[in-house]
Protein chains: 2
Amino acid sequence: MSDEKPDFSGWTCPIPLKNYPTIVMGHGSGGRMMADLIQHLFVPLFENDTLGNLGDSAVLELPGPGRLAFSTDSFVVKPLFFPGGNIGELAVYGTVNDLAMSGARPLFLSAGMILEEGLPMDTLGQVTASMAEACRRAGVTLVTGDTKVVNKGHGDGVYINTAGIGIIPSGVNIGPALARPGDAVIVSGSMGDHGMAIMSVREGLEFEAQITSDTAPLDGLVDAMLAASSHIHCLRDATRGGLAAVLNELAVASKTGIEFEEQAVPVNAPVAAACEMLGLDPFYVANEGKLVAIVPEVDAEAVLAAMQSHPLGQSAARIGEVVDGYAGLVVARTAIGASRVVDLPAGELLPRIC
Amino acid sequence: MSDEKPDFSGWTCPIPLKNYPTIVMGHGSGGRMMADLIQHLFVPLFENDTLGNLGDSAVLELPGPGRLAFSTDSFVVKPLFFPGGNIGELAVYGTVNDLAMSGARPLFLSAGMILEEGLPMDTLGQVTASMAEACRRAGVTLVTGDTKVVNKGHGDGVYINTAGIGIIPSGVNIGPALARPGDAVIVSGSMGDHGMAIMSVREGLEFEAQITSDTAPLDGLVDAMLAASSHIHCLRDATRGGLAAVLNELAVASKTGIEFEEQAVPVNAPVAAACEMLGLDPFYVANEGKLVAIVPEVDAEAVLAAMQSHPLGQSAARIGEVVDGYAGLVVARTAIGASRVVDLPAGELLPRIC
């Protein structure tokens, strides 16, 4: 994905922001400095009339009828920049993906920025430019926002909240409770890339090959899947807690059991090696551009083929099925034919992953 | 407003949260501890089916056609609890009010919680209970949320982002650019209460009388105003930067001048005394339950009367008018008949007010 990254090399801090090389408390206080930040940094980068109007709310016209999807996510990832991405695109794709997981076409985003006093203006510029580029790639419009500044030492550079609105096409009905025994379980690609990319930079680990985050907008992939079948039962992006958390949530919500083959789950070789070295299970490691789909058996091949034809689903694989037994539990079949219960992780594997 | 506060005295931390008297990193990591927090604290307090479904997005049916209002705000107020309120109700009312300022009926909220490791579970419970009570009072439903935990020292107990969706009735067209020369400028009540309430606790100041925040949901007041006139031009809640910031934003957006009488602006005596003691101008001090309205002259008396009949507008007053001259400027006429330009504040008066 590195060829699709925005180019920051030409980014220069606009006047009058130049007068402040770092964020100061006054940038969050509703006065001229905050107005400068909004007018000279945020509005030009996200160029759209709704944001430019600067009302207390964005006023939106929805394109036709349909149910609304509404989602929010805060991002506190550490470090702000990591191999394959940064907090800005993560914040856009995270909410875009949450909307896409309900089958919605993501349309509008809000952004709430919590800036730490002392944040270099240049860093904020890069993060914001990256958000703007991510919005363009995902086809969403950032229409409203808010900026707060907290004292030095009471943040971590920048925390970003995004909320998003999308329209769910009529006929689409996707939800975590809808998995049925006999359904196929499909993942859209390799597991664990994002979490291990963060870990590699944060812990200063040197792996044999650089691991890059998979952060990406999944709405296009979901479009392709819905074109192949309008009967997809569940979609979930496998973020915090990884594949294991998602499968457990779906099993509990739908009161079914889920079985999968460990060997069928795609894991990139450098991630597998790094996990083995650190004693981690890649099924518990976070992703930021991968989804889990639960699909009626009759449509499974068509959905899988549609995924594999999409750039973000080339390594999609069928990994298991929904079963009648042990409602609420997830069971992995190992390479040697044994079975083990894959539980929800208790607490942190790696905090501040997104 | 103190008689409408939720009663925390009976609030007890539910099992299994009791096992963790404070927030730990694991509460933000997508595993069982986070699930416990959501299932045993958040979902019961905000009881509604949409939130309880725990999908990645809330799926909403809108009640009939109309334009959508969409807004977001993050809250980083310090301290978390202050005379007259706390960060929880502030976070609900802040976004409710932003929606109301576009003439929208607020319907749905999202909440993004950024918790600091070590936050007492009891504090989180009180803040959340207060948010739930505020939702009931404002008539909005909190339908989706997100929880992140940051390391001790990298937050301030809890930061809250809310985003909200409302429906704008047909025929209502309110926006900051719509002020016209000849329009009346009305405020809904006394200025500066919230900011001085925060300052009194944060700076440990003892004023003659306790000053309490005016935090309140303004959607009901706006309903009453719209019933009196469907031609209101501008509405704005006077939060950060106070009355001065709002009037400046409206003057700039509408390319008009705004004149007001200093003596006509209601300021409670304890706030006026505290401001004088500290050398502050109450017109720059934040409010959390007051709005500024710009209304065609022909409807001004009817709107003012409607406001004065509402519990949150009893002290509403007409303070000035929109004028033809000096576009983009705000001018105050003083008690002795002089005029002065009231500029946008440069930076902070009092940071972290909301």
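On a predicted model such as this, the values are computed, not experimentally measured, just so you know.

## Describing the overall build of chain A
Across its full length, chain A carries nine helices and 14 strands. The long-range share in chain A, meaning contacts at least 24 apart out of those at least 6 apart in sequence, stands at 86%.

## A few points about the relation of the copies chain A and chain B
Structural alignment of chain A on chain B gives an RMSD of 0.0 Å, achieved by rotating through 180° and translating 0.0 Å along the axis. With respect to symmetry, the two chain copies, as superposed, fit the operation of a two-fold axis. It is His154 of chain A whose C-alpha, among those of chain A, lies nearest the rotation axis, at 2.3 Å. Of the interface residues in chain A, 100% have counterparts in chain B that sit at the interface too, so the contact is made through matching surfaces.

## A closer look at the packing of helix H6 (residues 219-228) of chain A against helix H9 (residues 297-308) of chain A
All names here are of chain A. The interhelical angle for the contact between H6 and H9, taken along N-to-C directions, is 150°, at an axis separation of 8 Å. When you trace H6 past H9, the crossing you get is right-handed. Facing H6, whose interface residues are Leu221, Ala224, Met225, Ala227 and Ala228, H9 presents Ala302, Val303, Ala306 and Met307. Grouping the constituent residues of the contact of H6 with H9 by class yields nine nonpolar, no polar and no charged.

## What about helix H5 (residues 193-202) of chain B?
Residues and elements named next belong to chain B. The buried fraction of H5 amounts to eight of the ten residues, a majority that puts the element mostly inside the structure. Within H5, the full set of buried residues consists of Asp193, His194, Gly195, Met196, Ala197, Ile198, Met199 and Ser200. In the core, the buried residues of H5 are packed alongside strand S3 (81-82), helix H7 (242-254) and helix H8 (269-278). After H5 finishes, the residue Gly204 shows a positive phi value of roughly 65°.

## Re the packing of helix H3 (residues 87-100) of chain B against helix H4 (residues 121-138) of chain B
Packed helix pairs are specified by the crossing angle of their axes together with the interaxial distance, meaning the distance between the axes. Residue and element names in this part refer to chain B. With their axes 7 Å apart at the nearest point, H3 and H4 run at an angle of 35° to one another. When you trace H3 past H4, the crossing you get is right-handed. Of the residues in H4, those in contact with Ile87, Gly88, Glu89, Ala91, Val92, Tyr93 and Val96 of H3 are Val127, Thr128, Ser130, Met131, Ala134, Cys135 and Ala138. Here the contact of H3 with H4 is composed, by residue class, of ten nonpolar, three polar and one charged.

## Topic: the pairing of strand S8 (residues 184-187) of chain A
Consecutive side chains along a regular strand alternate between the two faces of the sheet. Residue and element names in this part refer to chain A. Residue alternation in S8 divides its side chains into two sets, Ala184 and Ile186 and Val185 and Val187, and both sets are buried. In this sheet, strand S11 (residues 291-295) lies alongside S8 in antiparallel orientation, the contact comprising four bridges. Among the inter-strand pairings, Val185 is bridged to a residue of S11, identified as Ile294.

## Some points on unusual backbone geometry
The amide bond that connects Lys78 of chain A to the next residue, Pro79 of chain A, takes the cis arrangement and shows omega of 0°. Structurally, the position occupied by Pro79 of chain A is in the loop between strand S2 (67-75) and strand S3 (81-82).

## Observations regarding the domain arrangement of chain A
All names here are of chain A. Once the domains are mapped, chain A shows domain 1 (20-168) and domain 2 (176-341). The centre of domain 1, based on its C-alpha atoms, is set 28 Å off from the matching centre of domain 2. Taken together, the 21 residues of domain 1 in the interface contact 22 residues of domain 2. Among the elements of the structure, helix H3 (87-100), strand S5 (105-116) and helix H4 (121-138) are those that each provide at least two residues to the side of domain 1 that touches domain 2. Here the element with the most residues in the side of domain 1 that touches domain 2 is H3; it accounts for eight residues.

About the cut-offs
Residues numbered from 1 in each chain as written. Chains lettered and ligands numbered in written order. Predicted model: local features only at pLDDT ≥ 70, side-chain atom pairs only at ≥ 80, totals over all residues. Helix = DSSP H or I, 4+ residues; strand = E, 2+ residues; numbered from the N terminus. Contact = placed C-beta atoms within 7 Å. Least-squares fit on C-alpha atoms with pLDDT ≥ 70 in both. Axes fitted to C-alpha atoms, helices over the stretch in contact; angles between N-to-C directions. Left-handed = near helix turned anticlockwise from the far one by under 90°. Nonpolar A, V, L, I, M, F, W, Y, C, P; charged D, E, K, R; others polar. Buried ≥ 20, exposed ≤ 12 C-beta atoms within 10 Å, placed from the backbone. Pairing = 2+ DSSP bridges. Domains from an automatic or database assignment.

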